[in-house]
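Below are the chains, spelled out letter by letter.
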Amino acid sequence: IQDICYLCLPSPPPLRCCPWSRCCGMGDFRPRTVWLGHPEKREQRYPRNVINNQKYNFFTFLPGVLFNQFKYFFNLYFLLLACSQFVEELRLGALYTYWVPLGLVLIITIMREAIEEIRCYLRDKEVNSQIYSKLSTRGTVKVKSSGIQVGDLIIVEKNQRVPADMIFLRTSERNGSCFLRTDQLDGETDWKLRLPVACTQRLPTAGDLLQIRSYVYAEEPNIDIHNFIGTFTREDGDPPVNESLSIENTLWASTVIASGTVVGVVIYTGKELRSVMNTSNPRHKVGLFDLEVNCLTKILFGALVVVSLVMVALQHFAGRWYLQIFRFLLLFSHIVPISLRVNLDMGKMVFSWMIKKDSKIPGTVVRASTIPEQLGRISYLLTDKTGTLTQNEMVFRRLHLGTVAYGMDSMDEVQSHVFSAYTQPTHDLPASRAPAATKVRKTISSRVHEAVKAIALVHNVTPVYESNGVTDQAEAEQHYEDTCRVYQASSPDEVSLVQWTESVGLTLVGRDQSSMQLRTPTGQILNFTILQIFPFTYESKRMGIIVRDESTGEITFYMKGADVVMSGIVQYNDWLEEECGNMAREGLRVLVVSKKSLTEEQYQDFEARYVQAKLSVHDRSLKVATVIESLEMEMELLCLTGVEDQLQTDVRPTLEILRNAGIKVWMLTGDKLETATCTAKNAHLITRNQDIHIFRPVTTRGEAHLELNAFRRKHDCALVISGDSLEVCLKYYEYEFMELACQCPAVVCCRCTPTQKAQIVRLLQERTGKLTCAVGDGGNDVSMIQEADCGVGVEGKEGKQASLAADFSVTQFKHLGRLLMVHGRNSYKRSAALSQFVIHRSLCISTMQAVFSSVFYFASVPLYQGFLIIGYSTIYTMFPVFSLVLDKDVKSEVAMLYPELYKDLLKGRPLSFKTFLIWVLISIYQGSIIMYGALLLFESEFVHIVAISFTSLILTELLMVALTIQTWHWLMIVAELLSLASYVASLVFLHEFIDIYFITTVSFLWKVTVITLVSCLPLYILKYLRRRFSPPNYSKLTS
């Protein structure tokens, strides 16, 4: 049954042990001790540093491709049919009539697989053959990427790919750090700062790395690209040196060095690389349309068996009836068309090409050319918020100090406060003589200054200086040239905050791993030493930094983060929660900024405990977090910052088009509830007159039950729910929750994790049986995109990871409207017409064969033999039938103007059992008319039956194509005329089957004309009457 379900499907990637998988006999992954520059000292066997993405090798290619083709029932069925012709008792005609069509399909498949394998081999070879420099006792030697081993000291130049997972030992950069481009690893376009091991960076030359006795202890290989635990030990030091290693000291393979030249020691190769372990084969998506076509072909196969049994039964099972059954199965094998799969696959390639070439959606890429028709039947669209509906271009909008707030129109006040803080000495006026107003003003001024200074210091932004054609890089860096400065960070929020501090007078001009420089409005440079930095993580939702002011010696701990975590860290206040809510309702992303002054003793105590925690190998992250949390108490709340992420162009009209098309839109975001709700309103995902039910936070089964009952009583309202509450509901009341959510016009899920996004997609598919489309732009959307029936990636600020993992890639969200309304709709309707016409073509000739056999005492004798049977489905009718992929019922402008037309497709009417039955009846009618007409009108010779019936059949097919076409294209006319000309020209060579003198007579012409008219004219009349009295929706718009 399972085989029959997948009949005629293109074969998915083979399930196999890839060269990198753990099951291939390489054993479990283990931690390792790696001696610098001494790969021979390895304590275990490590895999070769070879990238291999091929499915087959030279010996397994042909057997593998053939196995993947014939493991499905129907491909095997056609093979058995062709092989049966070697048995004399079963032979019905020339061998090529069965082997040529099958061979053609196989050759196309083998060529396609071969081209993919060759491309894959060349890509792998290019990567494996890249040349790198290796430090050895003989000096610097050249080595191929595939020859690199664990323990090798590898030199990587600027803009060169890192060939293996390495620990960063040395850099040529003066600031003692380097930048890394990681977009090919994690999809993020921002550069990452990496730090070398302090002990090795201090060595005079790179060659000294081979003179010291040192090793790296590295954890076992795993898939986590954001964390690493290890230690560096130098044994010949006095005393021996121990340093903890973290993610900041790593250079993962597939990243690119963006600054300077680096030296690293290789710790993982081959299948143990982080990039390889994170590469998984996404699920092979099979379109709903393909499954429906498979279902129809199963019915056709059942009909083939039934017709064969009936024919033998009418012979009263005489003689060797079992052989007769096989002969009839062969005779009527055209009932199941072998060309159906080829036509549909070629059609999909044309649809994909049309999408790529559409000038109105430039930059659109089709990565899964097997499912374009899925775009025409989407019921649920699940979209990310940041970078997908919004631009992911942050603009600073609000600074809130509790008692006073500054918006865009009052930033000049902030600027004047900052200016006065650096130009007016605080000891000009004695406090006792100063008026009250001055005291208040100075208090606010100092608070503003403290807030701006904190925002300018607590971040991971690095200013990078580039040559602008006038000033070179070194000079720009030396003089802090504003025109040459570019800010690099892992988040656009961070950059927008630093750009804002620059606009109000406090500019970040320099940064390295241990210091930071700020320039005041007066041009003075403030130097800060970075003592510790605690980067932002999705778990902690905050980042911190400890700095020492070089001019005063003060040590300050600054921290910023989300209000949910910061509210428990800062000192008690009565305005934080309220103002965070107010700003979030305006659609702003809110960060809470705080500080804590530390004495030298407090810091030294903290540092000792922190270093000890970082050196531990077991539970390091837990111990480090505990030490940091000891500082995060009773911090002084400085300010709130509000940053706005603006909507992408034409998001509102696009969402309105989708809503009118009957598509329900769900927004799944990691952002907070108020911001997500505000964006949903702003984008008109939730219309202004729609009620909103905000699902209260629930943690227990009882709370979830009560809240679901409250939600059940509301009708036609949008749902807003957080990820935590969603998890509780899905745990206890999955069916009830999904049933209620599916009835909502719009759903907003906030604080969603990537796995939750994928889970929602999966539940929608299981509970509704409808098609889903997921749209996202970041690495956190990949799981959702791969889980959905159609995944659409938006190329955005967060990199290309989502667009590379998606089935379709667009440059803007607004292109989604045309992709679905025009291309999705056309692809589905054209595929339906094409598949039904190919089936009609096969059923016509099979009906004629059945009539012929019935008239001649149920003999298993073929009506058409040799070239006629091959030519019928190729040269004579292929081009007109395939030209249906160019047909369209309405213009693209009309399809965009009336998205309601899309709604008709959601019921699957273009290809249903009803339309299939209609085409079966048409085929039986036309086949019977042609065959009986030829039998009634034929002259004395049998060869005249073949001439009349075959010519009428060809003309009927050409006229039926013309009857089906809605909008004529010049290529359709060419295809019709070319096919007719091909048939007329080939009559000269078909004297074996057709009497060349008979077809030139008037008798032949009038008989063919009468039979063709009787087979086609009633259908033309019925089509006219239907369009006259019961026109479809689209015809009302085109009339």
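All figures in this text were calculated on a predicted structure; none of them were measured in a lab. (Residues numbered from 1 in each chain as written. Predicted model: local features only at pLDDT ≥ 70, side-chain atom pairs only at ≥ 80, totals over all residues. Heavy atoms only, no water.)

1. Some remarks on the overall build of the chain
Turning to step 1, where the next piece is worked out: Check the secondary structure of the chain and you find 36 helices and 33 strands.
Turning to step 2, where the next piece is worked out: With the principal axes as the frame, the chain shows a C-alpha extent of 130 × 75 × 65 Å.
Turning to step 3, where the next piece is worked out: The proportion of buried residues among the 1039 residues of the chain is 53%.
Turning to step 4, where the next piece is worked out: Pairs at least 24 apart in sequence give 73% of the contacts found in the chain among residues at least 6 apart.
Turning to step 5, where the next piece is worked out: Of the roughly 46700 Å² of accessible surface on the chain, a fraction of 57% belongs to carbon and sulfur atoms.
Turning to step 6, where the next piece is worked out: For the chain, the distance from the average position of its 104 positive side-chain charges to the average position of its 104 negative side-chain charges is 5 Å. (Helix = DSSP H or I, 4+ residues; strand = E, 2+ residues; numbered from the N terminus. Buried < 20%, exposed > 50% of the residue type's maximum accessible area, 1.4 Å probe, protein only. Contact = heavy atoms within 4.5 Å. Areas by Shrake-Rupley, 256 points an atom, 1.4 Å probe, with all protein chains shown as cover. Lys, Arg positive; Asp, Glu negative; His and termini not counted. Charge placed at Lys NZ, Arg CZ, Asp CG, Glu CD.)

2. Some words on the sheet that holds strand β7 (residues 191-194)
Turning to step 1, where the next piece is worked out: Spatial ordering of the open sheet is given by β7-β6-β12, a layout of three strands whose pairing is antiparallel. The open sheet has two edge strands with one neighbour each: β7 and β12 (256-257).
Turning to step 2, where the next piece is worked out: Here strand β6 (residues 178-181) pairs with β7 via four bridges, running antiparallel. Each residue of the ladder has a partner; that of Arg-181, found in β7, is Trp-191. (Pairing = 2+ DSSP bridges.)

3. Some remarks on a nonpolar patch on the surface
Turning to step 1, where the next piece is worked out: Taken together, the side chains of Leu-959, Leu-1013, Leu-1017, Tyr-1020, Ile-1021, Leu-1022, Tyr-1024, Leu-1025 and Phe-1029 define a hydrophobic patch exposed on the protein surface, amounting to about 910 Å² of accessible area.
Turning to step 2, where the next piece is worked out: Inspection of the secondary structure puts Leu-959 in helix α33 (residues 943-964).
Turning to step 3, where the next piece is worked out: Judged by relative accessible area, which is 34%, Leu-959 ranks as partly exposed. (Patch = residues over 30% accessible without salt bridge, like charges linked within 9 Å, V, L, I, M, F, W, Y side chains within 5 Å. Salt bridge = Lys/Arg side-chain N within 4 Å of Asp/Glu carboxyl O.)

4. So, the packing of aromatic side chains
Turning to step 1, where the next piece is worked out: Counted by the stated rule, this structure contains 22 aromatic pairs.
Turning to step 2, where the next piece is worked out: Consider the rings of Phe-695 and Phe-737, whose centres lie 6.4 Å apart with planes at 90 degrees: the pair is edge-to-face. Residue Phe-695 is located in the loop between β28 (691-694) and α21 (701-712), and its partner Phe-737 is located in helix α23 (residues 734-742); the two are separated by 42 residues in the primary sequence. Judged on exposure class, the residue Phe-695 and its partner Phe-737 are both buried.
Turning to step 3, where the next piece is worked out: Ring geometry for Tyr-876 versus Tyr-983: centroids 5.2 Å apart, planes at 80 degrees, classification edge-to-face. Placement of the pair is Tyr-876 in the loop between α28 (867-873) and α29 (878-882) and Tyr-983 in helix α34 (residues 970-986), with a sequence separation of 107 residues. (Phe/Tyr/Trp six-rings, centres within 6.5 Å; stacked < 30°, edge-to-face > 60°.)

5. A word on unusual backbone geometry
Turning to step 1, where the next piece is worked out: Unusually for a residue other than glycine, Asn-159 sits at a positive phi of about 65 degrees.
Turning to step 2, where the next piece is worked out: With phi around 80 degrees, Ser-254 is a residue other than glycine that occupies positive phi space.
Turning to step 3, where the next piece is worked out: With respect to the helices and strands, Ser-254 occurs in the loop between β11 (250-251) and β12.
Turning to step 4, where the next piece is worked out: We classify Ser-254 as partly exposed; its relative accessible area is 23%.

6. What to know about the pairing of β28
Sheet faces and side chains relate simply in a regular strand, where the side chains alternate between the two faces.
Turning to step 1, where the next piece is worked out: Bridge analysis of β28 against strand β29 (residues 717-722) gives four bridges, and the strand direction is parallel. Residue Ile-692 lies in a different strand from β29, and its bridge partner there is Ala-718.
Turning to step 2, where the next piece is worked out: A crossover links β28 with its parallel partner β29, the connecting element being α21, and its sense is right-handed. (Right-handed = clockwise from strand over helix to strand, strands pointing away.)

7. Points about the pattern of salt bridges
Turning to step 1, where the next piece is worked out: What the rule picks out here adds up to 26 salt bridges.
Turning to step 2, where the next piece is worked out: A salt bridge links Asp-152 to Lys-134; its shortest N-O distance comes to 3.8 Å. Of this pair, Asp-152 sits in the loop between β3 (139-144) and β4 (153-156) while Lys-134 is found in strand β2 (residues 131-136), placing the two residues 18 residues apart along the sequence. In this pair, the class of Asp-152 matches that of Lys-134, namely buried.
Turning to step 3, where the next piece is worked out: Arg-213 serves as the salt-bridge partner of Glu-235, at 2.7 Å between the closest nitrogen and oxygen. Of this pair, Glu-235 sits in the loop between β9 (230-234) and β10 (241-245) while Arg-213 sits in the loop between α6 (198-201) and β8 (214-218), and the two are 22 residues apart along the sequence.
Turning to step 4, where the next piece is worked out: Relative accessible area serves as the criterion here: at 42%, Arg-213 is assigned to the partly exposed category.
Turning to step 5, where the next piece is worked out: Members of the salt-bridge network, linked through shared partners, are Asp-290, Lys-348 and Glu-373.

8. Regarding the side chain of Thr-231
Turning to step 1, where the next piece is worked out: Among the secondary structure elements, Thr-231 is positioned in strand β9.
Turning to step 2, where the next piece is worked out: Accessibility expressed as a relative area gives 12% for Thr-231, which makes it buried.
Turning to step 3, where the next piece is worked out: The contact partners of Thr-231, leaving out residues within four places of it in the chain, are Tyr-215, Val-216, Tyr-217, Glu-243, Ser-244, Leu-245, Leu-615 and Arg-620.

9. Remarks on the domain arrangement of the chain
Turning to step 1, where the next piece is worked out: Taken domain by domain, the chain consists of domain 1 (50-129), domain 2 (148-278), domain 3 (339-360 + 818-1036), domain 4 (380-389 + 648-810) and domain 5 (400-421 + 444-465 + 484-644).
Turning to step 2, where the next piece is worked out: Relative placement of domain 2 and domain 4: their C-alpha centres are 40 Å apart. (Domains from an automatic or database assignment.)

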